[in-house]
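Breakdown of the fold
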Amino acid sequence: MSQLQLSQWDSWVDRALSQLASKRLLRSTRPISLSPTPDLDLDLDVQTFDRPGPWDRSSVQVALDGPTFRQWLSDLPSESDADSNSDTNWASASAPPQKLLLFSGNDYLGLSSHPAVSQAASKAAQAHGMGPRGSALISGYTNYHALLELSLARLKQKDHCILCPTGFAANMAFLTALASIPSLLSPTPSAPHPIAIFSDQLNHASIIDGIRLAERQTQAKLFVYRHSDMLHLHSLLSTCSIAMKVVITDSLFSMDGDFAPLTQLVQLRKKHGFLLAIDDAHATLVCGENGGGAGEYFGCEKDIDICIGTLSKAVGCHGGFIATSKRWKSLIQSRGRSFIFSTTIPVPVVAASLAAISVGRRERWRRRAIWRRVQDFYSLSGLPISSPIISIIVGTEEAALSASRHLLKSGFHVTAIRPPTVAPNSCRLRITLSAAHTVDDIKKLVATLSPWITTLNSNLLEFSKL
């Protein structure tokens, strides 16, 4: 039954595409040819290195001017009036820029400052400016965009890929295209076939908003399963009589830093025949021998139907993408609203992304470096972390802001995460590690965080006794 349901998804999409074709609503991109053309073998002739260079530090070192630094301090609660007054004197308007070590970015491999990435962007900008400005279906799609799609499809082990202006837009494009299928298949548009969407409780806002739009667009029924709880998901799937089932999840959760149980999800997919979509934003180039992401890391790339991602994190650039099959690409191009109605990524950013992916695949030492930093943080703190995303949950908003203020004064750029990003009383410091960080960076950060790490470890110990 499950294999039949999986093949049914292909049939449903094909029938939807036939309906669009019969109404002359099927859309495709026609690349504008820009010269000089990037290297067609996708292994760009870019300069690579076997160790960090001085440019890498610029991806984790930032500076704030005196007034901005003072304003940030004044926005955060201080422990005492005397402390507040000393801060005002220390960060006066005439004070030099305050240098901070960045532990809150998403440039996991430090590629944003890589010479090859900078040179690719500069070369493309000098040759083409920003490139044609229009949506992909009108005039904004070029041979550069087509090559980047091929590069991403190869990275994700998929047949095709479609670029979107952002990762947020990529999730919206997929979910609105998905929601179009029932009405296209229904003989009576007023009564389309229902579709069931199963979403992890802690999925990213872009998935949540995309589902909300899908619910307004068609008879989509949402089932939210407890975070990474496969027994709960199995129960929901088993009692759902709707034929069209979709499970969507972050692969690496952006706030908690834990992985979705992809191996178990694949087993459930085989049993229930649902369409499996993952948002691989935080795992792309970070996980897997070749940087293919969570699917490569867990050995299940072929079992993931839709792989959504971003170019703004480990790739170090900007934009989003959906790696999938030819039929799904055709449907998203024809029905994904945030793809259809958005201007394409500028050509210099596309060129930079092509270079970054090439560097990210070839400079494998960067992946080894970031996972060593994860191990360093674990060894020094004792916290049970599993990725470069680390959440230090402190509770109330005031506690989180106070902790952020302490870090700021100590020279670390780490912001407090508060509602609506996280639930009330689960406010936290969200720390992200980079291949550009050093062991000394980690040691200094852990020492500064010691009061909160001690409390968190104590709480975990007490919880384990329950």
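Bear in mind the structure is a predicted one, so any value in this text is a computation, not a measurement.

Helix and strand counts for the protein come out as 16 helices and 13 strands. What you see for the protein is a C-alpha radius of gyration of 23 Å, in line with the 23 Å of a compact globule of 466 residues. Taking all 466 residues of the protein together, the buried fraction comes to 56%. Within the protein, counting contacts between residues at least 6 apart in sequence, those at least 24 apart form 80% of the total. Counting only carbon and sulfur atoms, one obtains 53% of the accessible surface of the protein, whose full area is about 19900 Å². Across the protein, the 45 positively charged side chains and the 38 negatively charged ones have centroids separated by 7 Å.

On to the pairing of strand β13 (residues 427–432), then. Most of β13 is tucked away, with six of its six residues classed as buried. Burial along β13 is two-sided: the face carrying C427, L429 and I431 and the face carrying R428, R430 and T432 are both buried. Pairing between strand β10 (residues 389–395) and β13: six bridges, direction antiparallel. Note on β13: the bridge partner recorded for G395 is C427.

Next up on the list: the packing of helix α2 (residues 66–75) against helix α15 (residues 397–409). Direction vectors running N to C along α2 and α15 enclose 150 degrees, while the axes themselves pass 9 Å from each other. Judged on the interaxial angle alone, α15 and α2 are roughly antiparallel. The handedness of the crossing between α2 and α15 is left-handed. Residues F69, W72 and L73 of α2 form the contact with α15, whose participating residues are S404, R405, L408 and K409.

With that out of the way, let us pick up helix α4 (residues 115–128). In this model α4 runs 20 Å from its N-terminal to its C-terminal C-alpha over 14 residues, within 8% of the 20 Å that 1.5 Å per residue would give. Those residues of α4 that sit buried are P115, A116, V117, A120, A124 and H128. In the stretch just after α4, G129 is the one whose phi turns positive, near 65 degrees.

The next subject is unusual backbone geometry. Of note, the bond from P419 into P420 is cis; its omega dihedral lies within 30 degrees of zero at 10 degrees. Relative to the assigned elements, P420 resides in the loop between β12 (416–417) and β13. Backbone geometry at L285 places phi at a positive 70 degrees, although glycine is not the residue there. Inspection of the secondary structure assignment puts L285 in the loop between β7 (275–279) and α10 (294–298).

The next subject is the packing of aromatic side chains. Within this structure, the stated rule accounts for nine aromatic pairs. When the centroid spacing of 5.7 Å and the interplanar angle of 75 degrees are considered together, the rings of F259 and F298 count as edge-to-face. Of this pair, F259 sits in the loop between β6 (244–250) and α9 (262–272) while F298 sits in helix α10, placing them 39 residues apart in sequence. F298 sits in the partly exposed class, given a relative accessible area of 30%. Taking the centre distance of 5.0 Å and the plane angle of 90 degrees together, the rings of Y297 and F298 count as edge-to-face. An aromatic cluster is present here, built from W9, W12, F174 and W328 joined pairwise through their rings.

Right, let's get into the packing of helix α6 (residues 167–185) against helix α11 (residues 326–335). Each pair of packed helices can be summarised by the angle the axes make with each other and by the distance between the axes. Where α6 contacts α11, the axes come no closer than 9 Å and their chain directions differ by 95 degrees. Between α6 and α11, the interaxial angle falls into the category roughly perpendicular. Contacts between α6 and α11 pair A173, F174, T176, A177, L178, S180, I181 and L184 from the former with W328, L331, I332 and R335 from the latter.

Scoring rules and cut-offs
- In this convention, every chain numbers its residues from 1, walking through the sequence in written order.
- For a predicted model such as this one, the threshold for reporting local features is a pLDDT of at least 70, and the threshold for listing and counting side-chain atom pairs is 80 or more; totals across whole chains, interfaces and linings nevertheless cover every residue.
- Note that the side-chain values use all heavy atoms of the structure and ignore hydrogens as well as water.
- Each helix corresponds to a stretch of at least 4 residues labelled H or I by DSSP, and each strand to a stretch of at least 2 residues labelled E; elements are numbered beginning at the N terminus.
- Only C-alpha atoms enter the radius of gyration; for comparison, a globular chain is expected to reach 2.2 Å times N to the power 0.38, where N is the number of residues.
- Using a 1.4 Å probe on the protein chains alone, a residue whose accessible area is under 20% of its type maximum counts as buried, one over 50% counts as exposed, and one in between counts as partly exposed.
- Only heavy atoms matter for contacts: two residues are in contact if any of them lie within 4.5 Å across the pair.
- Shrake-Rupley sampling with a 1.4 Å probe provides the accessible areas, and residues are treated as covered by the protein chains on show and by no other component.
- Note on charges: Lys and Arg go in the positive column, Asp and Glu in the negative column, and His and the chain ends are not counted at all.
- All charge positions are set by atom: Lys at NZ, Arg at CZ, Asp at CG, Glu at CD.
- For two strands to be treated as a pair, DSSP must find no fewer than two bridges joining them.
- Only the contacting stretch of a helix is used when fitting its axis, a line to C-alpha atoms as for every element, and angles between N-to-C directions run 0 to 180 degrees.
- In this scheme, roughly parallel covers angles under 35 degrees and roughly antiparallel covers those over 145, while 65 to 115 is roughly perpendicular and the rest are oblique.
- By definition, turning the near helix anticlockwise from the far helix through less than a right angle yields a left-handed crossing, and turning it clockwise yields a right-handed one.
- Every helix has an expected span of 1.5 Å times one less than the residues it contains.
- Two rings belonging to Phe, Tyr or Trp (six-membered ring only in the last case) form a pair when the distance between their centres is within 6.5 Å. Interplanar angles under 30 degrees mark stacking, angles over 60 mark edge-to-face geometry, and anything in between is tilted.

Read these as layout, nothing more, since geometry by itself doesn't imply function.
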